[in-house]
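Structural overview for review
So the chains spell out like this:
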Amino acid sequence: MVKAINNRLAEEQHYLKGTTIQNAFSRFFGRIISLFHEKIFREPASEEMIKFVRNLSYVGLGTIFASIFSFLYNIIAGRVLGPAGYGGFMLVQSIAMFLYIPMLLGLNTAMIKYCAENKDQHQQRRIISTAFIATTCLTVTSVLLYGTFRHQIATIFSVDQEIIVLSILFAVLFTFYTLVISSLRGLHLMKDYAVFQPIYGITLLLALLLFIFIQFNSFKAMVYATYLAYGVVGLIILFRFFKRYLTFVIDRSWLSTLWKYSSVAVIGGLSFTLYTNVDRIMINYYMDVESVGVYGVYYYASFTVLTLVSGIFTTVFFPTASKSHDRSSIYGKLNKIVPYLLILGLPVALIGEYVILRLFGEGYTIQLPLMLVFAIAAILVTWYGVYAWFFNSEGIEGAKLTVSGTLIIAIANIILNVILIPQIGLYGAIGATTLAFSLGLGYNFYRGKRFFACNSES
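Just so you know, these numbers come straight off a predicted model, no measurement behind them.

About the thresholds
Residues numbered from 1 in each chain as written. Predicted model: local features only at pLDDT ≥ 70, side-chain atom pairs only at ≥ 80, totals over all residues. Heavy atoms only, no water. Salt bridge = Lys/Arg side-chain N within 4 Å of Asp/Glu carboxyl O. Helix = DSSP H or I, 4+ residues; strand = E, 2+ residues; numbered from the N terminus. Buried < 20%, exposed > 50% of the residue type's maximum accessible area, 1.4 Å probe, protein only. Core = buried A, V, L, I, M, F, W, Y, C linked by side-chain atoms within 4.5 Å. Contact = heavy atoms within 4.5 Å. Phe/Tyr/Trp six-rings, centres within 6.5 Å; stacked < 30°, edge-to-face > 60°. Expected span 1.5 Å × (residues − 1). Patch = residues over 30% accessible without salt bridge, like charges linked within 9 Å, V, L, I, M, F, W, Y side chains within 5 Å. Areas by Shrake-Rupley, 256 points an atom, 1.4 Å probe, with all protein chains shown as cover. Axes fitted to C-alpha atoms, helices over the stretch in contact; angles between N-to-C directions. Parallel < 35°, antiparallel > 145°, perpendicular 65-115°, else oblique. Left-handed = near helix turned anticlockwise from the far one by under 90°. Nonpolar A, V, L, I, M, F, W, Y, C, P; charged D, E, K, R; others polar.

1. Digging into the pattern of salt bridges
Evaluation of the coordinates by the stated rule reveals 2 salt bridges. With its nearest N and O atoms 2.2 Å apart, the salt bridge here joins Lys-220 to Glu-162. A residue pair is termed long-range when its members are at least 10 positions apart, and Lys-220 in helix α9 (residues 219–241) and Glu-162 in helix α7 (residues 161–186) qualify at 58 residues. The exposure class assigned to Lys-220 is buried, which follows from its relative accessible area of 18%. Classification of Glu-162 as partly exposed rests on a relative accessible area of 41%. The closest approach of N and O atoms between Arg-280 and Asp-279, which form a salt bridge, is 3.7 Å.

In structure tokens form, the structure reads like this:
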């Protein structure tokens, strides 16, 4: 009995000590945030801002670990498979990004927004269940249609039917993974989100190494490794967290709400897919699959560092902004951050690009002018992406603003790719992206300024 009491007292002391340490860490962390916040925005950081940055640190840590494994995966695949093998994977991935759109239809973005806004677990359950059931129905219908018309689809993309079959399965697993991981964001489970990012990266890398070990040196090694990573992580999250959030009942009122938002978001999703993947499709059409591989490596090298930072930021930022009641203030703060992105972004992108290209090996020639154009494009795409997620947090009207800018980018990018790729090859592809995003950013900055000025007046 005495021993039990002593053990209990020891446990309480340990708990109090741990709590004291956590409180001390929180105060220290809060001071750091306040210092930087006051330097940039000339005002003290709110408690909500400190909470936001803490969530950002969780996601950042998990994403950095995941990126290390993903980075090794890409470097090993690029060196072992060469430009042609890497290009084959890029083609499958790019085609899959077109095929998944009817499967998801922007429902994941709508689910994040409305779950993040709603603190009632019962309503969150209804939102998530409705989104999952609707997505399942859309996915099954899409697969049946793709299977029926796979010959015609192969003709459109100028590839054989095997590539289309691989792309269909890729799209299905990507849809499943995206929906499940989006649920964690909508529920503000950022620590859990951070844990599963490295699991995804580890699975991806180990699967690729296994295929290389058994001498399966084909672009399919990358495809199958990605299948496993999406499937394993998606299933673990599904069974681990969503037993209490998933039912077999669809809520018609929430379906209507999600559908209204997603019907706007899906246009932006389609446009995003067009301007991020049409260049690879056209390079394959006008040039060859090896050129797709070289372009894909340059794209990966230039975007990796900036995408890592912006991805960490928007993962936490979108659900946080969705539940905020003062978005005009947030918009003003975003505009103050942009100069730092421009000043620091270019050298960071160029240095990261050079180092990564050297690691990919001699199969990928370093061309400094091409590197510079890619680095500028990476900054513009990152800048636009942050604004797009912010506008989406405003609701349907904000999503419409994002969509209008994204449509401008998509249309301009397609036209410029058709004109420039036959003339100047890879320079034309990334040059088209750079020019298109310059147009989109100019349009969105002008419209966003007017939109939030009108909102603040009303």
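This is not the end of the story, as more comes after the structure.
2. Considering the nonpolar core
With 125 residues, the main nonpolar core has Phe-170, Ile-237 and Phe-242 as its most contacted residues. The element best represented in this core is helix α13 (residues 368–393), accounting for 16 residues. Every residue in contact with Phe-170, bar those within four places of it in the chain, is listed here: Phe-89, Val-92, Gln-93, Ala-96, Met-97, Val-223, Thr-226, Tyr-227 and Tyr-230.

3. Concerning the packing of aromatic side chains
Tallying each qualifying case throughout the model produces 24 aromatic pairs. Between the aromatic rings of Tyr-295 and Phe-374, the centroid separation amounts to 5.4 Å while the plane-to-plane angle is 55°, which identifies the pairing as tilted. Of this pair, Tyr-295 sits in helix α11 (residues 289–322) while Phe-374 sits in helix α13, placing them 79 residues apart in sequence. Exposure remark for Tyr-295: the relative accessible area of 0% places this residue in the buried category. In this structure an aromatic cluster arises from ring pairing among Phe-89, Tyr-100, Phe-170, Phe-174, Tyr-177, Tyr-200, Phe-211, Phe-216, Tyr-224, Tyr-227 and Tyr-230.

4. Comments concerning helix α8 (residues 190–213)
Relative to the 34 Å expected for 24 residues at 1.5 Å per residue, α8 spans 35 Å between its end C-alpha atoms, a close match to the ideal helical length. Just downstream of α8, Gln-215 is the residue with a positive phi angle, here 65°.

5. Re a nonpolar patch on the surface
A cluster of nonpolar side chains, namely Ile-267, Tyr-285, Tyr-286, Met-287, Leu-407, Ile-411, Ile-415, Val-418 and Ile-419, defines an oily patch on the protein surface of about 810 Å² accessible area. Contributions of two or more residues to the nonpolar patch are made by α10 (252–286) and α14 (396–424). For the nonpolar patch, the element with the highest residue contribution is α14, accounting for 5 residues. Its location among the elements puts Ile-267 in helix α10.

6. Section: the environment of Ile-356
Looking at the element boundaries, Ile-356 is found in helix α12 (residues 327–360). As for Ile-356 and Val-297, which are separated by 59 residues in sequence, their C-alpha atoms are 8.8 Å apart. Once residues lying within four places of it in the same chain are set aside, the contact partners of Ile-356 are Phe-71, Ile-75, Tyr-300, Ala-301 and Thr-304.

7. Some thoughts on the packing of α7 against α9
Taken N-terminus to C-terminus, the directions of α7 and α9 make an angle of 30°; their axes are 9 Å apart at the nearest point. In terms of orientation, α7 and α9 fall into the roughly parallel class. Handedness of the crossing formed by α7 with α9: left-handed. The residue inventory of the contact of α7 with α9, partitioned by class, reads 21 nonpolar, 3 polar and 2 charged.

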